Amino acid sequence: MNIIVCIKRVPMTQEVDLEIDANGRGVKTDALAYVINDWDNYCIEEAVRLQESLGGSVTAITIGGEDDEEVLRRALAMGADRAVRIEPGTRELDGFVISKILAKAIQGMACDLVLTGVQADDDNNGSVGILLAEQLGLSHAAVVTGVEPAGATATVRVELEGGMDEVSTIRLPSLLTIQTGINEPRYVSIMGIRKAGKKELTVIPLSDMGLSEDDLTPRTRIEEVFLPPETEGAEMIEGDAASVASELIRIIKEKGVNL
Amino acid sequence: MGDIFVVAEHRKGKLREITFEMLYKARELCRSSSHRLTALLLAGKGTGFADELSSWADRVLVFEDDRLENFSSDMYKEILYRVIREDQPFLTLIGHTSWGMDLAPALSVKTGLPLATDCVGIQADDGRPIVTRQIYSGKLFSRVSFKQATGYLVTIRSGAFIPPNDAEKGHGEVIRRDVPSDLSDPRRTFVEFVDTGAGEIDITQADLLVSVGRGIGEEENIATIRDLADKMGGTLSCSRPVVDKNWLPKFHQVGTSGKSVRPKVYLALGISGAFQHVAGIAGAGTVIAVNKDRKAPIFRVADYGVVDDLFKVAEALKQQLTGG
């Protein structure tokens, strides 16, 4: 089973105060730490597990600068066989353009499965995977929490809302967008990443790919980024832990809970 | 001006809430412009959904076929592609649900129409629509415009536009259309639904939920909070990351993919407040959030907030409950 995983490096934004950049259309990124997109980590793990049980190869692809190779090296350390970075230069990309670039890169590769994360933690679009599926003419399923290939088909489990999953059979080759929690991604050591340095990592400049100007024209544009509108918000309880605790106990009792 | 299309979503013989939320928003957009509101129903035969939808829309286009009893991205895409090509709607709304996420991007490529996903606001006064979305897990908002096109596709976040109980009702026309006879067989076939929320405790029945999120840090720390929940006479629940890591079984999970809860008090410890989680606590009486991150979105929806280490607060609560 030959599998392609499309992955992305994203800024870590938990417990970080994001600042809007000078042109008002993005955030200041210089002070941010970067990690692999959480969904993509599960995605690599799923691909590697399938390859371990069924054979074949895993190719990881990202679109980004040299710093973004970090996620490719991580994928290689987890068990991917080769990696491809597409260098976009300074172009502005939206989900549509990204899917066009990925489609062009994947077109010539033999594959049974393409895996992407459900969404990325930065732009939260959740659209690239299925855009890509349609560009490639592949069958697809979104928000997948289980996949078991069997010959020319696979059984997939999709997470719906309200504590409900949907099981279906899908014809391969197929594109699946992978949901967090589908597996337990393996631990990656610094040593492992260093060792994976020997594996093949190809860099392709976007300008060499032969995409048309129309393919590279974004369909949507962020006009403005802004802080969430002020709400009344929570009444903040200040003080040391003991006084906070006694105030919380008072409030909880007042709301009719017996402690 | 053209139509605003709303693609109805239904599951197991019921129209889903997102359908009415989209219809409500679409009606508001129609009121400030001269658009016509059209609901699109793709369903099995004899559902009665068309009548229900007709009180919300100017017209309901109905495509009935046994193969449409359950959602099929391939079938929906083919049928919607054709009706969009014929009717040229100005705007097409689809739920940003698991199914909508499987359909809308494919439809966007097939029709060549631009797509914006997971929108919480739409303006469509003149010409191209402008949408509002959340980015960086709700820490920032963005205003997004489209490249000029003959129509636009937008997916709508669940809970973004809740219709009031007295939402204005009308009586739209129900128009049945034939399902194209030349549709190829879908590449994916439905097998079954599986209930993943059942388990040994029912968090929906609790008066007090003591809930943990990513801030719990390590699996070993779950025991500390379980102990706190016991001492408070409450029930332990959690947000998605805790279930993803297999630290608690799924029946503890609060949120859109888990359970919606309505306790008297919801104590959120180390939960950042992603919208999928917040949607699950809309029915809670009082929400108290403890989080180290002052900017965590949970503080925007909580009634009371504490910016502190959750373990310090948990320890102090335990001491006062046992020592006092």
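All chains use their own residue numbering, which begins from 1 and follows the written sequence. Note on labels: chains are lettered from A, ligands numbered from 1, in written order. Under the rules for a predicted model, residues below a pLDDT of 70 receive no local features and side-chain atom pairs below 80 are neither given nor counted, while totals for whole chains, interfaces and linings still include all residues.

> Quick rundown of the overall build of chain A? Include the residues and the values.
The helix count covers DSSP runs of H or I at least four residues long, the strand count covers runs of E at least two residues long, and both are numbered beginning at the N terminus. Scanning chain A from terminus to terminus reveals 6 helices and 13 strands. Summarising its shape, the C-alpha atoms of chain A cover approximately 65 × 45 × 40 Å along the three principal directions. With C-beta atoms placed from the backbone, a residue is labelled by how many other C-beta atoms lie within 10 Å of its own: buried for 20 or more, exposed for 12 or fewer, partly exposed between the two. The 259 residues of chain A split such that 46% are buried. We call two residues in contact whenever the C-beta atoms placed from their backbones are within 7 Å. Taking all contacts inside chain A whose residues are at least 6 apart in sequence as the whole, residues at least 24 apart take part in 70%.

> How would you summarise the environment of Lys110 of chain B if you had to cite specific residues and measurements?
Note on placement: Lys110 of chain B falls in helix α4 (residues 98-111). Between the C-alpha atom of Lys110 of chain B and that of Lys292 of chain B, which follows or precedes it by 182 residues, the distance is 46 Å. Other than its neighbours up to four places away in sequence, Lys110 of chain B contacts Glu134 of chain A together with Lys77 and Tyr81 of chain B.

> Describe the domain arrangement of chain B, listing the residues and the values that go with them.
Residue and element names in this part refer to chain B. Reported domain spans reflect what an automatic or database domain assignment gives. Partitioning chain B into domains gives domain 1 (3-177) and domain 2 (203-323). For domain 1 versus domain 2, the separation of C-alpha centres amounts to 34 Å. Across the contact, 7 residues belong to domain 1 and 6 residues belong to domain 2. Gly falls in the polar group here, along with every residue not listed as nonpolar (Ala, Val, Leu, Ile, Met, Phe, Trp, Tyr, Cys, Pro) or charged (Asp, Glu, Lys, Arg). Here the side of domain 1 that touches domain 2 is composed, by residue class, of no nonpolar, 5 polar and 2 charged.

> So, the interface of chain B and chain A: which residues are in play, and what are the values?
Counting residues at the interface gives 75 residues for chain B and 71 residues for chain A. A class-by-class count of the residues in the side of chain B that touches chain A yields 32 nonpolar, 22 polar and 21 charged. A pair of strands is considered paired only if DSSP assigns at least 2 bridges between the two. Examined bridge by bridge, strand β9 (residues 164-171) of chain A and strand β12 (residues 188-195) of chain B share 7 bridges and lie antiparallel to one another. Paired with Asp165 of chain A across the two strands is Val194 of chain B, which belongs to β12 of chain B.

> Account for the sheet that holds β9 of chain A, naming residues and giving values.
The strands making up a sheet associate through hydrogen bonds between their backbones, and the pairing can be parallel or antiparallel. Strands sit in the order β11(A)-β5(A)-β4(A)-β1(A)-β6(A)-β10(A)-β7(A)-β8(A)-β9(A)-β12(B) across an open sheet of 10 strands; the sheet is mixed. Looking at strand neighbours, the two that pair on one side only are β11 (200-205) of chain A together with β12 of chain B, the edges of this open sheet. Here the strands of the sheet are splayed against their neighbours by 30° on average, with no regard to which way each runs. Relative to strand β10 (residues 174-178) of chain A, strand β7 (residues 139-150) of chain A runs parallel, the two sharing 4 bridges. Bridge pairing links Ala141 of chain A to Leu176 of chain A in β10 of chain A. Convention adopted: a line fitted to C-alpha atoms gives each axis, helices being fitted over their contacting stretch, and angles between N-to-C directions are expressed from 0 to 180 degrees. Here helix α1 (residues 38-54) of chain A sits on the sheet in contact with β1 (3-6), β4 (58-63), β6 (113-117), β7 and β10 of chain A, set at roughly 155° to β6 of chain A.

> Please give an account of the sheet that holds strand β13 (residues 235-236) of chain A that cites residues and values.
If you trace the 6 strands from one edge of the open sheet to the other, you get β13(A)-β17(B)-β16(B)-β15(B)-β13(B)-β14(B), paired in parallel fashion. Edge strands, defined here as strands with exactly one partner in the open sheet, are β13 of chain A together with β14 (235-238) of chain B. With 4 bridges joining them, strand β13 (residues 208-212) of chain B and β14 of chain B adopt parallel strand pairing. Looking at the pairing, Leu209 of chain B lines up with Thr235 of chain B of β14 of chain B.

> For the packing of helix α3 (residues 73-87) of chain B against α4 of chain B, give the residues involved together with the corresponding values.
All names here are of chain B. The N-to-C vectors of α3 and α4 enclose an angle of 40°; their axes lie 9 Å apart at closest approach. Comparing their axes, α4 and α3 come out oblique. In terms of crossing hand, the pair formed by α3 and α4 is right-handed. Residue-level contacts link Ser73, Tyr76, Lys77, Leu80, Tyr81 and Ile84 of α3 to Asp102, Leu103, Ala106, Leu107, Lys110 and Thr111 of α4. Here the residues of the contact of α3 with α4 are counted per class, giving 7 nonpolar, 2 polar and 3 charged. What sets the label is the angle itself: under 35 degrees gives roughly parallel, over 145 gives roughly antiparallel, 65 to 115 gives roughly perpendicular, and the rest give oblique. Handedness of a crossing follows from how the near helix is turned relative to the far one, being left-handed for an anticlockwise turn of less than a right angle and right-handed for a clockwise one.

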